[in-house]
Amino acid sequence: MQKTKLKKIVLFTGYACSNHCRFCIDADKRNLPSRSTAELIREIYAAAAKGADILEMIGGESTMRRDFRMLVKTAKKLGIKEVLCATNGRAFADKEYARSVLEAGLDSVIFSLHGPSAKIHDMLTEAPGSFDELCRGIENFMALGCKRIYGNTAVVKQNFRFLPEIAKIYARRRFTNVEYIFVDPTYGGAFNDFDAIVPKISEAAPFIRKAIDIGMDAGLTQWKARYVPLCHFPEHLDHISEINERQLYVSEHWAQDFINEDSIGSRNISRRKGIPCKSCALASVCEGLWNVYLDHYGEEEMNPFTEMPIQMKKRIMSIAEQDIIENKCFSGQKNKPVITKEEKEFASSFPFAHLTVFPGPACNLSCSYCYLRKAPQENADGPAILRGIAEFINFAKADMPASNNINGDCHAKITFLGGEPLLQGRWLKKWILAARKLSPDMPLRVFTNGTLLNQEWFSFFEKENVSIALSLDGRKACNDQFRHFKNNGQSVYDAVLASVPQNMRAGIDICSVVCPETASLLEDNLFHIASLGFGAIGWAPDMSCFWPDESLSVLNESAISFRKKYLSYAASGSLPFRISNMYETLALAAGKPVSEECDSLALSAAGRFYPCDKLLSLPLAARAGHELVFKGKLTCLSEKEDNEKGYVNSWLAKRNSFFENLSCRGGKFYCNACLAGTLARLDGLSLPECEKKKIFESQEKLADIVRRELSLMAEEGLKIPVFRKAHAYSI
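Per-chain numbering applies: the sequence of each chain, read as written, is numbered from 1 onward. Where totals are concerned, whole chains, interfaces and linings use all residues; where local detail is concerned, this predicted model gives features only for residues with pLDDT of at least 70, and gives and counts side-chain atom pairs only at 80 or more. Neither water nor hydrogens contribute to the side-chain values; these are computed over all heavy atoms in the structure.

Report on the pattern of salt bridges, specifying residues and quantitative values.
The term salt bridge refers to a pairing of a side-chain nitrogen on Lys or Arg with a carboxyl oxygen on Asp or Glu at a separation within 4 Å. All told, the structure shown has 30 salt bridges when counted by the stated rule. Measuring nitrogen to oxygen at the nearest pair gives 3.4 Å for the salt bridge that ties Arg99 to Glu96. Of this pair, Arg99 and Glu96 are both found in helix α3 (residues 95-104), 3 residues apart, which corresponds to roughly one turn of the helix. A salt bridge links Lys565 to Glu523, with the nearest nitrogen and oxygen atoms 3.5 Å apart. Residue Lys565 is found in helix α21 (residues 549-571), and its partner Glu523 is found in helix α20 (residues 522-531); the two are separated by 42 residues along the sequence. Within the structure, one salt-bridge network assembled from shared partners comprises Glu242, Arg246, Arg271 and Glu287. Numbering of helices and strands runs from the N terminus; a helix is a DSSP stretch of H or I covering at least four residues, while a strand is a stretch of E covering at least two.

Below is the structure:
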């Protein structure tokens, strides 16, 4: 069974401090007013009510507060299991004060040591005598019998060469847990004086590794590095704080000027990985380096792993991952989903049949019409995505009658989208294998740009019965006009054809995007793709731009011409290819029931659910209100019905109805002509309302052309035997 993570709340008691560390991230906050005792007591009560296992008090310097002992005592009285503080240690040079704090209930203490001598430590803290007082504080705690004495050291230019000497101080005093923290230059002292304070990781890493080795040689196994890229620690991957932290804790930070309810997950906002990291076998578990660091020093220091190191394979597999991959999320009868009592009612009418797994916008291409061009850079949280896939499948399977579910199958399907999902490498394989164990026959699809496909991927997809869809817009000139590699001038068209052998093309679905500039070439481009050997082709318009009336007119004529030519082939008894994006249209034309609302669900890189993958192009703050949660029913921060507002049929009403409901309303919105992308994009643009209205109205006309032509294609095509046979899978 999955082990419950510990709830940790870090309480900032204020920013006042007796040191003035040159690198301190809070250097510019010193003048903020201190928090009152009453305010902090209220927050301690709130932490206890929220089920905190650990309360860590930090500053500034918490021990400067006259009410510090009262705060500790209150936390223990409320039953919080572990109360600790991070400190510069100076107040504890007074042994009686140290004794009184321990008697109040302080369980653990983290001492900050930044140099092996007064000369270096005091220079960094800009507080003469701080080293000597810190050392006395440590000795006092040891003499008073405190067993949980920990340490941390900020790694900066002035001290990284002395880390082994600092490590010897920790080792002599038997510090069981020590962190060497690569300095954070996001803001504060290190940001203000970056060049003087922040070292290169390639220069500092050997000294950090040596310091950890000193602890290991002394039998002190819980010594770690924090905020470092994994590629510089190939032999120390068991000693990285973030990996350990993600497995053990759910952590929140509460301060007077901010509240961060996901301090672990939110680091991807201020940290990133470089382009060389995309091919790294550890990309999914590494957090990279600070954005500010990479902006200053570049990405040349990144050295990606070509394969997963053996010692890491078990390390990064959390208990939750093992539960999913080993099929432990089922208990009792074979393939019986574990659904709690409160969830049964919701599961019995699960409204979603298609999960789009979006592991982030990372891509090796830069397509001009991609709706993810300005999406926030998120790293894929592999375990969180695994849990999301399992949750979706469990609910979808519970929606099926038992007689139809004896083999663990269900009516739902999963698509892995991007960015470019093949960049996720081993994690993509894990997600697919997990889904296969949970539902052996569920349709799975990977949507790729095709440039990274190779025989290994083809073999894997064939073995696991995963279909492939890829993007190709038509002839080379048309395709390469809008689809470009990020880092070279190579032809994307040539790269796709080189990656996909002729004998594999018939089974691959192609999505061709039509832009205003290529609207007249629709028919030519689609039949050209068919001539390359691809057996299933669909077309969709560029929904990211404004379409002038003249371009809409050209597209309308081209779509009509294509429909007539395609149906003429069908009437003659042969088809050059199958149309791959007509699922709902064909079902409607065949008289099958089709939901009037979107039945798709999106899973983000952080493992969170949203009603549409187009929302993932929005900034994190803008999309936060649209996150969906399974709690016996589907809940959302914006859960209202259209008629509550009395909306009229206007552009503003349609935009609001999308964001205020869980799916698009007012008639079926087909995915290949859905206005959700337009709505999401317009919401984030700083344009006058009249300009937004103009863009939206052009998109409505565009969608109408697509829907009409697909509907006519389906209605007329179903009268022709060869068409019905070719598209039987959809009806």
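How would you sum up the nonpolar core? Please name residues and give values.
Soluble globular proteins tend to bury their nonpolar side chains together. Membership of the largest hydrophobic core comes to 184 residues, with the highest contact counts inside it found for Tyr180, Tyr293, Ile389, Ile414, Phe461, Phe562 and Phe723. Top contributing element to this core by residue count: helix α27 (residues 689-717), with 9 residues. The criterion used for residue contact is that any of the two residues' heavy atoms lie within 4.5 Å. Non-local contacts of Phe562, meaning those with residues more than four positions away in its chain, are made with Leu522, Glu523, Leu526, Phe527, Trp539, Phe577, Ile579 and Met713. The set of buried Ala, Val, Leu, Ile, Met, Phe, Trp, Tyr and Cys residues whose side-chain atoms join them within 4.5 Å is what this entry labels a nonpolar core. Relative accessibility under 20% of the residue-type maximum defines a buried residue, over 50% an exposed one, and the middle range a partly exposed one, all with a 1.4 Å probe and only protein chains included.

Explain the sheet that holds strand β9 (residues 259-260) residue by residue, including any values.
Each pair of strands is called paired provided DSSP finds at least two bridges between the two strands. Pairing is mixed across the open sheet formed by 9 strands, whose spatial order is β7-β6-β5-β4-β3-β2-β1-β8-β9. A single partner strand is all that each edge strand has here, and the edge strands are β7 (222-226) and β9. With 5 bridges joining them, strand β1 (residues 6-12) and strand β2 (residues 54-58) adopt parallel strand pairing. If you follow Leu11 over to β2, its bridge partner there is Met57. Here an angle of 0 to 180 degrees is reported between the N-to-C directions of two axes, which are lines fitted to C-alpha atoms, with helices fitted over the stretch in contact. Strands in contact with helix α6 (residues 163-172) are β4 (108-112), β5 (149-155), β6 (177-182) and β7; relative to β5, the strand with the most contacts, it is inclined by about 175 degrees.

Pulling in residues and values, what's your account of unusual backbone geometry?
Here the residue pair Gly59 and Gly60 is connected by a cis peptide bond, since its omega of 15 degrees sits within 30 degrees of zero. Its location among the elements puts Gly60 in the loop between β2 and α2 (68-77). Across the junction of Gly418 and Gly419, the peptide omega takes the value 5 degrees, indicating a cis bond. One non-glycine residue, Glu126, lies in the positive phi region at around 50 degrees. Considering the arrangement of structural elements, one finds Glu126 in the loop between α4 (118-125) and α5 (130-143). One non-glycine residue, Arg174, adopts positive backbone phi at about 60 degrees. Inspection of the secondary structure puts Arg174 in the loop between α6 and β6. Look at Arg174 and you get partly exposed, because its relative accessible area is 46%.

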